[in-house]
Amino acid sequence: NTATAEITFGGSLYRTTGAATYTASGTAPTNQTGSFDMNSGGSAIKFQSTDNAIAFGTGTIDLANGVDLTVDTDAGAGAISIGAIRGTTDETVTLDAGTGATAVGAIGNGTEIGAVTIGSAQNGAITLNGNIVATGVVSVDGDVTLGANVSISTTNDAITFAHDIDGANALALSSGTGTITVTENIGASATLASLTINAATDETSAGSIILSGDIGSTGQVGVTGVTKVGNTATAEITFGGSLYRTT
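A short tour of the structure in this document, coming up.

Calculation notes
Residues numbered from 1 in each chain as written. Predicted model: local features only at pLDDT ≥ 70, side-chain atom pairs only at ≥ 80, totals over all residues. Heavy atoms only, no water. Salt bridge = Lys/Arg side-chain N within 4 Å of Asp/Glu carboxyl O. Helix = DSSP H or I, 4+ residues; strand = E, 2+ residues; numbered from the N terminus. Buried < 20%, exposed > 50% of the residue type's maximum accessible area, 1.4 Å probe, protein only. Pairing = 2+ DSSP bridges. Axes fitted to C-alpha atoms, helices over the stretch in contact; angles between N-to-C directions.

### Focus on the pattern of salt bridges
Logical step 1: Taken as a whole and judged by the stated rule, the model has one salt bridge.
Logical step 2: A salt bridge links glutamate 112 to arginine 86; the nearest nitrogen and oxygen atoms lie 2.5 Å apart. A residue pair is termed long-range when its members are at least 10 positions apart, and glutamate 112 in the loop between β10 (102-104) and β11 (113-119) and arginine 86 in strand β8 (residues 80-86) qualify at 26 residues.
Logical step 3: The buried category is assigned to arginine 86, whose relative accessible area is 19%.

### Brief notes about the sheet that holds strand β13 (residues 132-134)
Logical step 1: Strands sit in the order β13-β16-β19-β21-β23 across an open sheet of five strands; the sheet is parallel. Among the strands making up the open sheet, the edge pair consists of β13 and β23 (227-229). Between one strand axis and the next, the sheet turns by 5 degrees as a mean value, whatever way the strands run.
Logical step 2: Two elements, β13 and strand β16 (residues 150-154), share three bridges in a ladder whose sense is parallel. If you follow isoleucine 132 over to β16, its bridge partner there is isoleucine 152.

### Description of unusual backbone geometry
Most peptide bonds are trans, and most residues other than glycine sit at a negative phi.
Logical step 1: With a phi close to 65 degrees, aspartate 90 is a non-glycine residue in the positive phi region.
Logical step 2: Tracing the sequence through the fold places aspartate 90 in the loop between β8 and β9 (91-96).
Logical step 3: Even without a glycine there, the phi angle at aspartate 202 is positive, about 65 degrees.
Logical step 4: On the secondary structure map, aspartate 202 appears in the loop between β21 (194-197) and β22 (209-211).
Logical step 5: Judged by its relative accessible area of 72%, aspartate 202 is exposed.

### So, the sheet that holds strand β5 (residues 45-49)
Logical step 1: Read from one edge of the open sheet, ten strands run β2-β5-β7-β9-β11-β14-β17-β20-β22-β24, paired in parallel fashion. Only two strands of the sheet have a single partner each, and these edge strands are β2 (13-16) and β24 (237-239). Each strand of the sheet is rotated relative to its neighbour by a mean of 5 degrees, with strand direction disregarded.
Logical step 2: Relative to strand β7 (residues 69-72), β5 is paired through four bridges, and the arrangement is parallel. Across the sheet, lysine 46 pairs through a bridge with threonine 70, a residue of β7.

Written as structure tokens, this is what we have:
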């Protein structure tokens, strides 16, 4: 409950058929003691349900060294809700809600988190409520709503969005030498506040950028604020859409 300070998970599998809610009120400080401590002896940990929701209420998931996290609600409409995720050294994060919605806050800081995979072939909606910092590939498979200003950065690995990106907030992407790919549209349903792709101040990311869809639509401005794509070190930018509409 909301008075619970901390929950420690020492197993490797937490599998239920009904909805599962884990609630604690703490916040992970710099010594990596968080609300939800994942300490499965250095092996992977998985939370799984049968087409029902899994929620981690209010607190931060804290992954111990070597503990990779998977949260999977199967192919049905089981939602996933997570406040934030911290790691230790390159732990991976996989969130698969099938056709269900996923909402997640900040993931990682520095070199805490390796690869991040959010979404699935069933393309459930995804709300990003915080920044993602990863040393590995970041893959987002589902229509995305920006619930806050979001920055996603990798050390030198790909960032891929397989579907639309919308939401009245700012999006900044930085990939080093990794390729950034947005397969569908940006801001076609809800205008972004700003868009920065490998183009922050003093950015030296050399990765290619592929924008396969449109920015905005004939009836919708895609970005109201500043749009910056690429820098002098960028190898290549590919525009595969037919309309790039900003103000």
